[in-house]
Amino acid sequence: MKKCKDFCERLSDYIDGQIEENICTLIEEHLEVCPPCALMHESLKTVVEICKKGISYDLPEEVARELRTFLRTHCRKEEH
Amino acid sequence: MLSDNEIIIRVLDGDYDAFETLVEKYQGRIYRHLRKMVRDQSEAQDLLQETFLSAYKGLKGFAGNSSFSTWLFKIASNAALMFLRRQRPEMLQYDEQIRDSEGAEFVPASPEFVSTPLDILLSAEGRRKIEEAIDGLPLIYRTVIILRDVEGFSLEEVAGIIESSVPAVKSRLHRGRHSIREALSSYYGEVRSGGKRRALQES
């Protein structure tokens, strides 16, 4: 890996812990000396973090109630 | 607390209440996944019912080779795909959508986005922007982002759920994450330039 583009293409895998140890070292060394790539790394980490924490749908009570009723009606017809 | 596999044994012995325990445990996550896949609350509700009914009917065939949760998400994903194929085939025509989102990884990172505090990124307005960024992705990227980054499945599990390969999942995650980064960087760049700061602080 010689160019920033090569490093950036591996950052998503790097965040997922999917990079071989020797390549990890290369990436870490590069991130220490290359502010644009370090910023790209921080940005992607932030994206992963806020996707994890930022998407929540509380199941509406009405949807849960209708699901329960639907399943009680239809599953009872099935036998295990 | 009983494991999923122990509960399944009870269901297969005729204990319907045990099945309701599984439904209560997973209904929120499955609903969220379906909402994101089909982007429609009413359709997601119908598919939620279809998913759990299919799971109940197919429980005997659940071999336990995967976890119950990955098996259930696979049923939900397939139900959503079949629905989209029938009702909204345009959502499955990926070429154009993918072309539109190509190149996001080459857009430089924005210092404004990274330096925005987490409580602002996760404010009501911030969450809406994350939703919009994910909803704007082609379905194949959106699905892996939800399964991996929101639901926390491993890459191997995601590949199993969407019946794809780990390299393909990695590639879609890479593209999807960069597209979200680009959308949010652009938004927070504008926020920091002044136009939207007040709205965010008030949300």
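Residues numbered from 1 in each chain as written. Chains lettered and ligands numbered in written order. Predicted model: local features only at pLDDT ≥ 70, side-chain atom pairs only at ≥ 80, totals over all residues.

Draft legend 1. Spatial organisation of the overall build of chain A. Scanning chain A from N- to C-terminus turns up four helices and zero strands. The order of α-helices and β-strands along chain A, N terminus first, is α-α-α-α. For 80 residues, the compact-globule estimate of 2.2 N^0.38 gives 12 Å, and the C-alpha radius of gyration of chain A, at 23 Å, exceeds that figure by more than 25%. Among the 80 residues that make up chain A, the fraction classed as buried is 24%. (Helix = DSSP H or I, 4+ residues; strand = E, 2+ residues; numbered from the N terminus. Rg over C-alpha atoms; globule rule 2.2 N^0.38 Å. Buried ≥ 20, exposed ≤ 12 C-beta atoms within 10 Å, placed from the backbone.)

Draft legend 2. The arrangement of the domain arrangement of chain B in detail. All names here are of chain B. On domain assignment, one finds that chain B holds domain 1 (4-88) and domain 2 (93-202). Taken residue by residue, the interface counts 10 residues in domain 1 and 13 residues in domain 2. Elements supplying a minimum of two residues to the side of domain 1 that touches domain 2: α2 (16-38) and α4 (68-87). Here the side of domain 1 that touches domain 2 is composed, by residue class, of two nonpolar, four polar and four charged. (Domains from an automatic or database assignment. Contact = placed C-beta atoms within 7 Å. Nonpolar A, V, L, I, M, F, W, Y, C, P; charged D, E, K, R; others polar.)

Draft legend 3. Up close: the interface of chain A and chain B. Between chain A and chain B, the contact holds 31 residues from the first and 44 residues from the second. Elements that contribute at least two residues to the side of chain A that touches chain B include exactly α1 (4-15), α3 (35-54) and α4 (61-75) of chain A. With 14 residues, α3 of chain A is the largest single contributor of residues to the side of chain A that touches chain B. Along the lines of polarity and charge, the residues of the side of chain A that touches chain B split into 18 nonpolar, seven polar and six charged.

Draft legend 4. Broad picture of the confidence of the model for chain B. Looking at chain B as a whole, its pLDDT mean stands at 89, while 88% of the residues score no less than 70. In the predicted complex, the global pTM is 0.88; the interface-specific ipTM is 0.88. (pLDDT = per-residue confidence, 0-100.)

Draft legend 5. View of the packing of α1 of chain A against α3 of chain A. All names here are of chain A. Their axes nearest at 10 Å, the elements α1 and α3 cross at an angle of 25°. Classified by the interaxial angle, the pair formed by α1 and α3 is roughly parallel. Handedness of the crossing formed by α1 with α3: right-handed. The residues of α3 that touch α1, namely those facing Cys4, Phe7, Cys8, Leu11, Ser12 and Ile15, are Pro36, Cys37, Met40, His41, Leu44, Lys45 and Val48. For the contact of α1 with α3, the per-class residue count stands at 10 nonpolar, two polar and one charged. (Axes fitted to C-alpha atoms, helices over the stretch in contact; angles between N-to-C directions. Parallel < 35°, antiparallel > 145°, perpendicular 65-115°, else oblique. Left-handed = near helix turned anticlockwise from the far one by under 90°.)

Draft legend 6. Representation of the environment of Gly136 of chain B in the model. With respect to the element layout, Gly136 of chain B can be found in the loop between α8 (124-135) and α9 (139-150). Placed 43 residues apart in sequence, Gly136 of chain B and Ser179 of chain B show a C-alpha to C-alpha distance of 8.9 Å.

Draft legend 7. Main features of α4 of chain A. The end-to-end C-alpha distance of α4 of chain A, which contains 15 residues, comes to 21 Å, matching closely the 21 Å that a straight helix rising 1.5 Å per residue would cover. Among all positions of α4 of chain A, only Val63, Leu67, Leu71 and Cys75 of chain A are buried. All buried residues of α4 of chain A lie within an arc of 70° about the axis, which places them on one face of the element. In α4 of chain A, the exposed positions angled more than 90 degrees off the buried face are occupied by Glu61, Glu62, Arg65, Thr69, Arg72 and Thr73 of chain A. Taken together, the buried residues of α4 of chain A touch α2 and α3 (41-58) of chain B. (Expected span 1.5 Å × (residues − 1). Arc of directions from axis to C-beta.)

Draft legend 8. Representation of the environment of Asn22 of chain A in the model. Take Asn22 of chain A: it is sitting in helix α2 (residues 21-33). Along the chain, Asn22 of chain A and Cys51 of chain A lie 29 residues apart, while their C-alpha atoms are 29 Å from each other.

Draft legend 9. View of the nonpolar core. Residue and element names in this part refer to chain B. Counting residues in each nonpolar core, the largest one holds 65 residues, and the members touching the most others are Leu34, Leu47, Ala76 and Ile145. Shared between two domains, this core holds at least three residues of each, these being domain 1 (4-88) and domain 2 (93-202). When residues no more than four places from it in sequence are discounted, the contact partners of Ala76 are Ile30, His33, Leu34, Leu47 and Thr51. (Core = buried A, V, L, I, M, F, W, Y, C linked by C-beta atoms within 7 Å.)

Draft legend 10. Looking closely at α8 of chain B. Residues and elements named next belong to chain B. Over its 12 residues, α8 extends 16 Å from the first C-alpha to the last, a length consistent with the 16 Å expected when each residue adds 1.5 Å. Regarding α8, the residues found buried are Gly126, Lys129, Ile130, Ala133 and Ile134. Along the long axis of α8, the arc covered by the buried residues comes to 135°, so they all point the same way. For α8, the exposed residues set more than 90 degrees away from the buried face come down to Ala124, Arg128 and Asp135.

Draft legend 11. View of unusual backbone geometry. Residue and element names in this part refer to chain B. Despite not being glycine, Arg39 shows a phi value in the positive range, around 55°. Residue position: Arg39 is located in the loop between α2 and α3. With 17 C-beta atoms counted inside 10 Å, the residue Arg39 sits in the partly exposed group.

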